[in-house]
Structure formats: structure tokens, C-alpha cells
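# Per-entry structural report
One-letter residues, chain by chain:
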Amino acid sequence: HTIFLKDYAPTPYRVVSVDMDFKITEAVTRVRTQMTIEPRAETAPGTPLVLDGDGLTLDSIAIDGLPLMLSAYAANEAGLTLVEPPFRRFVLETEVNLKPEENKKLMGLYRSSGTWCTQCEPEGFRRITYYLDRPDILAPFKVRITAPREVAPVLLSNGNLIEAGDAGDGMHFALWEDPFPKPAYLFALVAGALGSITDTFTTMSGRKVDLAIYCTHGKEPECAYAMDSLKRSMAWDEKRFGREYDLDVFNIVAVADFNFGAMENKGLNIFNDKLVFALPETASDANYANIERVIAHEYFHNWTGNRITCRDWFQLCLKEGLTVYRDQEFSSDERSRPVQRIHDVENLRITQFPEDGGPLAHPPRPDRYREINNFYTTTVYQKGSEVVRMLATLLGEAGFRKGMDLYFERHDGEATTIEAFLKVFEDASGLDLSQFARWYLQAGTPTVTANDSYDAASQTYTLTLSQTTAPTPNQPDKPPFVIPIKFGLIGPNGSPMGWTGVSGGTVKDDIIVLDGDTITLTFTGVANRPVPSLFRGFSAPVRLASSLSQQDLLFLARHDSDPFNRWDALQTVTTNLMAGSAAGKAPSNGDIDALRQAILDTLGDTSLDHAFKAQVIAMPDEAVIARQIGANVDPFTVAQSRKALIGAIVGPAADRLSAIYEDLSINEPYSPDAAQAGRRSLRNGLLSLLTAGSERGAALAEAQYYAATNMTDRYAALAISARNWTPAALALLGDFRTRFGGDPLVFDKWLVASSQAPDEGVIERMRAILAAPDFPRTNPNRLRSLLGSFVMSNPAQFARADGLGFRFVTEAAAEIDHVNPQVAARVLTGFRILPLLEPKRREAARAALEALKNLQGLSRNTGDIVDRILAG
Ligand code: ZN
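Residues numbered from 1 in each chain as written. Predicted model: local features only at pLDDT ≥ 70, side-chain atom pairs only at ≥ 80, totals over all residues.

### Some points on the overall build of the protein
Our working rule: Under the scheme used here, helices are H or I runs from DSSP no shorter than 4 residues and strands are E runs no shorter than 2 residues, and both carry numbers assigned from the N terminus. This radius of gyration counts C-alpha atoms alone. The globule rule is 2.2 Å times how many residues there are, raised to the power 0.38.
Secondary structure summary: the protein contains 26 helices and 33 strands in total. The C-alpha atoms of the protein give a radius of gyration of 28 Å, which matches the 29 Å a tight globule of 872 residues would have. Taken along the three principal axes of its C-alpha coordinates, the protein extends 90 × 65 × 60 Å.

Set out below in C-alpha cells:
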């Protein structure tokens, strides 16, 4: 059934404090919970108390130490009801026994490689104990863990360690106390035989914090980069937002089986180990950057998420969008701001735009859900971040900081809402944000159309801007958004073009605010016809339909002072040519020559850094081209047109490109720093162009694969060979498999590369990989590497006309669903491209989903995704 935001109501009872006692043994974990509970002032006597449970069996129950009569409560798998609780403060004590070993959903308490660990967000705590498992119930926790010393020498929970010692019979214990009231989704417990690295951080007020990262024995040296990232994150949050850490310890634990990237549990972050472990031989530059980003993200949650949390799960974006904004800002400050921006926008266009334009579209703050786990989406996270970024743009840096300060001051210790968040910015700036709030409430990517004209006689420049947003599920009408358009006008010689007056709309400094359906701005005193540079830095998450010619776009690519728009102008030219050619309109030689020249000029521009150039030469993703085409897409033709255009661009320039490729080789020892990583990414970008677009690339890739001394270069050569299905591809995949056979995270890279092959045999090979008896079918990383990357990044084979790709995925998902519904549901979101496809493929996709839907016993996670895609 569906849960609606409008039905929100506080619970009749609140939790004052929680004391938990875990007794862990190999066979079973006994959980005894004592919670002090009291009715709220407005609660009527006799109101039942309903606690959440999921898969629990109640073993004993008492109130204030007295066992309850059977008639006083009702308990089952899904909950515990006290029929008539005392009308005063009381202590409820319950006991349940768990079998973590059998928990393959990886929610609640489970075991990963022998280590006991937890994942509670969003609704996992109810799999550990009966509780008011919702984010608006905040309480301080005390947790006592007793476990066999041999198997679990390390015992961790949230907060500070207050006592530890021997418990007899080979057992020992630890007592943890978290003084900060928190919702149950931030609860964590870890028990196991783990190694660790330690460090310290002194906060700005001079408090010393002990830092530790725990991992499987032997992996300690691989945690160093994560520790370095943590210390830089702590320093950055002090400097940029004035936020200081608040406990004596900060612990991170890396585990091998994890449904998501990582989790911000108070003082005890738990991480998917792929976001902790890094050595040059086994991790790529992209892995390093991701580790830095996610370590920062989870750390930043301590203030945006933990100290201030969400009232209900509809507000998820309150903590996630804001925290993504903070981690993007961190990465921008630590690395190159323009390159980071390009990277983030590219990711938004490849993942979020398709979501927002398809059957799974939902606003950053949804108003209904059947399964909350299906709303940890790119819309909530990445679009949520874009909305915060627009606030920062509209308020300016100082105004935004003032609002954030007020947010921390006003709401510390609360579970709050998007409305409260917007209110602090209204109060800090005096702006009315009621229309701006639509960004949180309305789904869909607006299209902004720009048309301009210049009248030389009157030196008047006219710019008309309009917005439209297509209907999305449950939202047929879209009143206009408030769209900040950062802009500049560029004169014929490439320098900024001024004006003496402007009328027809709101223009403040370099920002136009489009808040109606359409505005026409008239600029007077404009000496020459300018080229407009709109949405500088991607100032709003929209699609721009501009009337600029290819010539004007190439002019921007050369002259715009905004690096993002320089990049975007070239991407637009390339995407348009590829989309046009897929629709049967072959690009002219003149167009191709001009594009090639612009790319070569960028490569030759010594004022630009390597990482930026790498982004410029990266060819648009097939998903971006498909979106540009808009309907009736045949992904196979898209892939072919893309490759053909790359060939046409590269052809006459192959010598030049290979010379630059050779020049970029690095002789110093590997370092993951931005400068070296940028050089490698440009070199590998050239290799990709040469392999897709010329005869010589395949051999270069093969040679690079064998010569490589780090994972970045070796994996790039492997992936490029696989994606272009070069003559050596199969042999390289075979070599890679045996070379790194024992490392699960490198195995994931092999799975990703294997899933990207464009040849007809790819599905057969993936079937064989999945069917191998030793394939780790309960590990989310393995499953996502093979299937997730296939559905998202190999559209030509996933969306084959014969339906084989669709059926392969639905059949695999049906099996996974019995083990781990979250992973199955996530893989199936790849079907969101369905409405974009040409009719034959669309029918094949539909048939595969219908067959899945008809199976018995599908999880709510999977059922929800399948139903929404079929309904859309
Ligand atoms: Zn987060």
C-alpha cells in the first residue's frame, strides 16, 4: 500500500532513552532492549502503542520489570502492540533472538565475511528490535555488546566507549554511549576480528578526536587514502561551514557486503569496502576520487543528517541533497572546480535526466511511496544538490552561508522538513522562496528555449527565454520554476560585451531569473551582435534548447570565459551531430572539420589543464544522445552513429592525436593527485578516441594494457578494448581475470568491462559468468558490477530488438529478488528507458517486465519498480 506525506502525524508516545544489550554467539544473537517511553502531552489515556518489527519473534516482554500478561500485547513478525500502556513514563523491556548469518537482505544485523555489522537506514532497525522505527523519534542510546573474544575482539557501536572488559567463558564486552539523541536509522554495531589504522584530528576548538578505520586483517595499508580524506574533510567543514566534530572518536569500518556506498551512523560510519580500499595497483584514479568524495559525504552528514535529521522519509533530500552539495563543494576545493562541475553535470545528465524524463520520475521531495528504499535515487541525491546550488546562486556566497548558519543554529537536535530549510534562507535573505520551493515538489527537467536577435541600427539585443516541463507520473501540470540563469554576452573579438540598459525581466549582476513561462529581455547600448553564454556553470538543472548555430557554439567553445560552457558548447555540437546522424541526417564534412579543428585547438591550448581537456575530448554518452533524439530510439543505431562520427573526427587527426598520446606518458611513480590523474585521464581519453575512431587504436590499447604499472592505465586499456571489441579484447579480459583473480574489487572491474562488450555474444558470456557455481551471488558489488553496468551502459545489447537483453535481466532479477530485493529493484530501474525506445523494443521490454510481474512472491521493492515502469 502507498504511504502519503499528507498523512504525517507524530507518534502518541515518545522514546526518552534506549538501553540495548547484545549477546552475540556464533549461532544466535540475543537482543534485549529497554526503552524508557512516555505519552505525549496530547495523547489520550488508553491509546495503544504500536512498535515496528520486521521478521522478529518476541521472546519476552516486561514493563518496569514485570512480565506482561498475554492479553496486554499482540506481537508478530511485523510489529508489537501494547494494547493499553501505562499513562506515565515507563520502561518497556523486550527480548528477541536474531540469526544474522541468515540475513542476506543486508538490512538490520547481518554477517559479512564473518564480521557482524548493521545497516539500519531507512527501516533496518525494526529487524533488530521492536521500536518506533522512524526518523522523528530521537533518543540517546547505550549499547552493551558481549561476544566471544576469539571471533570478535573488536566491539563497536555509536558514540564513546565507556567501559570494556572480560565477561567470562571466553566472552568479553564493551559498553558504548551516544549522548546525542538520534533516530534509530543511525544506530550501528560492529563485532569482528578486524585490523585497523589510527590517527588523530584536533578540532578548531582544540579537542583531540581519535580516528580509526577498521578492515579485514591485511588490508590496513589500503586504508591510508581514506584516512587522509577523512582528515581533510574534517578540516574543510570547519573552514567552509564552521562545523566541528562532536564526539571523542570517529570510527569507520569497511565491509565487503553492503547494499549502498556507505552509511553515516553517528560516530561509526560503515562503508562498502570499495569506497575505502585503494592501492595504485588495484584502484583507479576514479576510485581514489570516489573514496575521497564518499568519506567526505558521510562525514558531512554528522551535521547535515545526524545533528539535524529528517522528520520523515519524504524529507530524505533534506539531508542527502544538501550533503551531496557539500561533498561536491569539497571535491571542487580539493581538486579543480571546473572539472568537478563538468563531472557532476555529466553524471546528472547521464543518470538523473533519464530518471526525470521517464516512468520513475519523482520530485526531490516525493509525496508518496510504496517502498522507501526505491527513493534513494539520483533525483533525491543529485538533483537535490542542484536545488541547493541554485539557492546558493540566488543568495550569493555570503547570503547562503548566513542561511546555513541559521539552519544549524535553529534546528540543531531536530528532525525537520524542507519547509524549515527554505525558511532559514528566506529569513537570512528576505527573499520569498515560495515559488522556488517548486523545485522540491515538482518532478521533471524543464526545457528552456532561448531565441535572440540583434538590431544594429538601434544597438539593441533581444533575448527571449521560455520554459516548459513535460508531465510526469501523478503531475500533469507544471507551473513555472524559478530558474537562475547565469550568463554573459560575448562580443565578436571574444571579450565580454557590455550594455547600458536592460528591460523586460529581472537581471541582477550576471544572473537572469526566469520565473514565468516566458520573458523577453531587451538590452540597449550593445555595440555589436553578441553571442549569449547561458547557464554558466550549469546554473540550473534544465535542458537548454538554444537557437545558436554550430558556428556560434564553436565560438563559445573558443572564447567563453566560463570553462563549463566552453566544454558544454563542444558537447552540444557533438551531441547534435550524433543525434542528427542517428535520425538519418548525415553531418556535412564542413561541420565535422570545424568540430575537429575546435577539438584540436583545445588540445593545443597551453592555458588549459589536462583534466579539463580530457573532459572536452570525451564523447557524449549514448544515453545523452538518446535523450536528445527524444523518441523512437534504436540504441543500436545510436551506438553506430556515435562511432561513425568519432571515426570522422579522428581520421585526419590520428597522427596528431597519437603524438599527443605518446607525449603524455608519465615516468614518475604513481600518485593519485589531481595533476597526475588529469594527465592520465587525457591520455586515456585519447586512447579511447583512437580506438573507437581509427585502425591504430586497438594495438595501442593492447600495448598499454600490458605495459601499465597502475590500475588506471591497465583498466582504461581493458575497458576501451572491450567497449570497442578489438581483436585483442577477449584475450585481455582473460589475462585480467587470471592476473587479479583473488581480489574481489578487481574482479568487479572485470565484470564491468565484460558487461560493456558490444558484440552479440555478450549476453551468453554474462549468463555463463552468473551461472558459475562459485559466483558470489549474495554480494551486491558483484551483482551490480555485472548487471547494473550492463543495463545502464550497454544500451545497444540490453535493448536488443529480439528482447534477449531484457529477458536476461528480468530473469536474473527474479532470482536475486529472493535473496536481496534492494539489489534486484535497483538493477530493474534500467528499464526506465522503455518509453524512449522504438515500438518493437518497447514491446519486448514490456513483455519481459510483464513476465516478471506475473511471478509469485515478488518483493515490494521489485513490484513497485516494475509497476511504475509499466504504468509510465
Ligand atoms: Zn548521504
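Next comes the rest of the description.
### Points about helix α12 (residues 622-629)
As a reminder of what qualifies: Here a residue counts as buried when 20 or more other C-beta atoms fall within 10 Å of its C-beta, as exposed when 12 or fewer do, and as partly exposed in between; the C-beta atoms come from the backbone. Residues are treated as contacting if the C-beta atoms built from their backbones sit within 7 Å of each other.
For α12, the tally of buried residues reaches six of eight residues, placing the bulk of the element in the interior. Packed against the buried residues of α12 are α4 (337-356), α9 (563-582), α13 (635-650) and α22 (795-798).

### Thoughts on the UniProt feature "domain: Peptidase M1 alanyl aminopeptidase C-terminal" (unreviewed entry) in the protein
Basically, it comes down to this: UniProt positions are given in the numbering used here, feature names are shortened, and annotations may be inferred rather than shown by experiment.
The residues that UniProt annotates with the feature "domain: Peptidase M1 alanyl aminopeptidase C-terminal" (unreviewed entry) are residues 551-871. For residues 551-871, the end-to-end C-alpha separation is 42 Å, with 73% helix and 0% strand making up the annotated structure.

### Let's talk about the sheet that holds strand β19 (residues 249-255)
Hydrogen bonds along the backbone pair up the strands of a sheet, which may run parallel or antiparallel. The cut-off we apply is this: Two strands form a pair only when DSSP identifies at least two bridges running between them. The axes used here are C-alpha line fits, helices contributing only the stretch in contact, and every angle between their N-to-C directions lies in the interval 0 to 180 degrees.
Spatially, the five strands line up as an open sheet ordered β17-β18-β19-β21-β20, and their pairing is mixed. One side of each edge strand has no neighbouring strand; the edge strands of this open sheet are β17 (195-202) and β20 (262-263). Relative to β19, strand β18 (residues 208-215) runs parallel, the two being bridged by five bridges. Residue pairing for β19: Ala212 is matched across the bridge by Asn251. Set on the sheet, helix α1 (residues 224-241) makes contact with β17, β18 and β19; between it and β17 the angle comes to about 20°.

### Focus: the UniProt feature "domain: Aminopeptidase N-like N-terminal" (unreviewed entry) in the protein
Under the UniProt annotation, the feature "domain: Aminopeptidase N-like N-terminal" (unreviewed entry) is placed at residues 19-186. Across residues 19-186 one finds 0% helix and 54% strand; the C-alpha atoms that close the span lie 15 Å apart.

### A few points about the confidence of the model for the protein
What counts here: Per-residue confidence from the predictor is reported as pLDDT, which spans 0 to 100.
For the protein, mean pLDDT is 98; residues scoring 70 or higher make up 100% of the total. What the predictor reports for the complex is a pTM of 0.98 with an ipTM of 0.97.

### Observations concerning the pairing of strand β25 (residues 447-455)
Bridge count for β25 against strand β33 (residues 543-546) is four bridges, and the pairing is parallel. Residue pairing in the sheet places Val448 in a bridge with Leu544 of β33. Sheet topology places β25 next to strand β26 (residues 460-468); nine bridges connect them, and they run antiparallel. Counted as the bridge partner of Asn451 is Thr464 from β26. In textbook terms, the turn of a hairpin is the stretch between consecutive antiparallel strands, and for β25 and β26 this stretch comprises four residues, one of which, Gln459, has a positive phi near 50°.

### Description of the nonpolar core
In globular proteins that are soluble, nonpolar side chains generally tend to be buried together. For the record, the criterion: For this analysis, nonpolar core means a set of buried Ala, Val, Leu, Ile, Met, Phe, Trp, Tyr and Cys residues linked through C-beta atoms within 7 Å.
Among the nonpolar cores identified, the biggest contains 250 residues, and Leu189, Val190, Val253, Ile270 and Val276 are the most heavily contacted of them. Sort the elements by how many residues they give to this core and α9 lands first, with nine residues. When neighbours within four sequence positions are excluded, Val190 is seen to be in contact with Thr115, Trp116, Cys117, Val154, Leu156, Val253, Leu268 and Ile270.

### Looking at the sheet that holds strand β12 (residues 139-148)
A sheet is described by the order of its strands in space; here eight strands give the open sequence β6-β5-β9-β3-β2-β12-β15-β14, paired in mixed fashion. For this open sheet the edge positions go to β6 (66-67) and β14 (160-168), each flanked by a neighbour on one side alone.

### Things to note about the environment of Ala703
Mapped onto the secondary structure, Ala703 falls in helix α16 (residues 697-707). Spatially, the C-alpha atom of Ala703 lies 9.8 Å from that of Arg714, the residues being 11 residues apart in sequence.

### Details of the environment of Leu837
Summarising the element assignment, Leu837 is placed in the loop between α24 (821-828) and α25 (839-853). Accessibility expressed as a C-beta count within 10 Å gives 23 for Leu837, which makes it buried. For the pair Leu837 and Gly630, spaced 207 residues apart in sequence, the C-alpha to C-alpha distance is 9.0 Å.

### Focus: the packing of helix α15 (residues 674-693) against α16
The following threshold applies: Under this scheme an angle from 65 to 115 degrees is roughly perpendicular, one under 35 degrees roughly parallel, and one over 145 degrees roughly antiparallel; angles in between are oblique. Residues are grouped as follows: Ala, Val, Leu, Ile, Met, Phe, Trp, Tyr, Cys and Pro are nonpolar; Asp, Glu, Lys and Arg are charged; every other residue, Gly included, is polar.
Running from N to C, α15 and α16 point in directions that differ by 140°, and their axes come no closer than 7 Å. For the element pair α15 / α16, the angle class is oblique. Taking contact as the criterion, the partners of Leu687, Leu690, Thr691 and Ala692 in α15 are, on α16, Gly697, Ala698, Leu700, Ala701 and Gln704. A per-class count over the contact of α15 with α16 returns six nonpolar, three polar and no charged.

### As for the pairing of β12
With six bridges joining them, strand β2 (residues 13-24) and β12 adopt parallel strand pairing. Within β12, the residue paired with Phe22 across the bridge is Ile145. Across nine bridges, the pairing between β12 and strand β15 (residues 171-182) is antiparallel. In the sheet register, Pro148 faces β15, and the bridge partner there is Met171.

### Some remarks on unusual backbone geometry
Residues Glu121 and Pro122 are joined by a peptide bond in cis, for which omega reads -5°. A positive phi angle is found at Leu106, which is not glycine, with a value near 60°. One non-glycine residue with positive phi stands out, namely Phe538, at about 55°.

### Looking at the packing of helix α5 (residues 378-411) against helix α6 (residues 418-429)
Applicable threshold: Rotating anticlockwise by less than a right angle from the far helix to the near helix defines a left-handed crossing, while the corresponding clockwise rotation defines a right-handed one.
It is at 8 Å that the axes of α5 and α6 come closest, and there the two elements cross at 115°. Handedness of the crossing formed by α5 with α6: right-handed. Where α5 approaches α6, its residues Leu391, Leu395, Gly399, Lys402, Gly403, Leu406, Tyr407, Arg410 and His411 are matched on the opposing element by Ala420, Phe421, Val424, Phe425, Asp427, Ala428 and Ser429. In terms of residue class, the contact of α5 with α6 is built from nine nonpolar, four polar and three charged.

### A look at the environment of Pro12
The topology assignment puts Pro12 in the loop between β1 (3-4) and β2. For Pro12 and Ala44, which are 32 residues apart along the polypeptide, the C-alpha to C-alpha distance reads 8.4 Å. Not counting the four nearest positions on each side in its chain, Pro12 is found in contact with Pro39, Arg40, Thr43 and Thr47.

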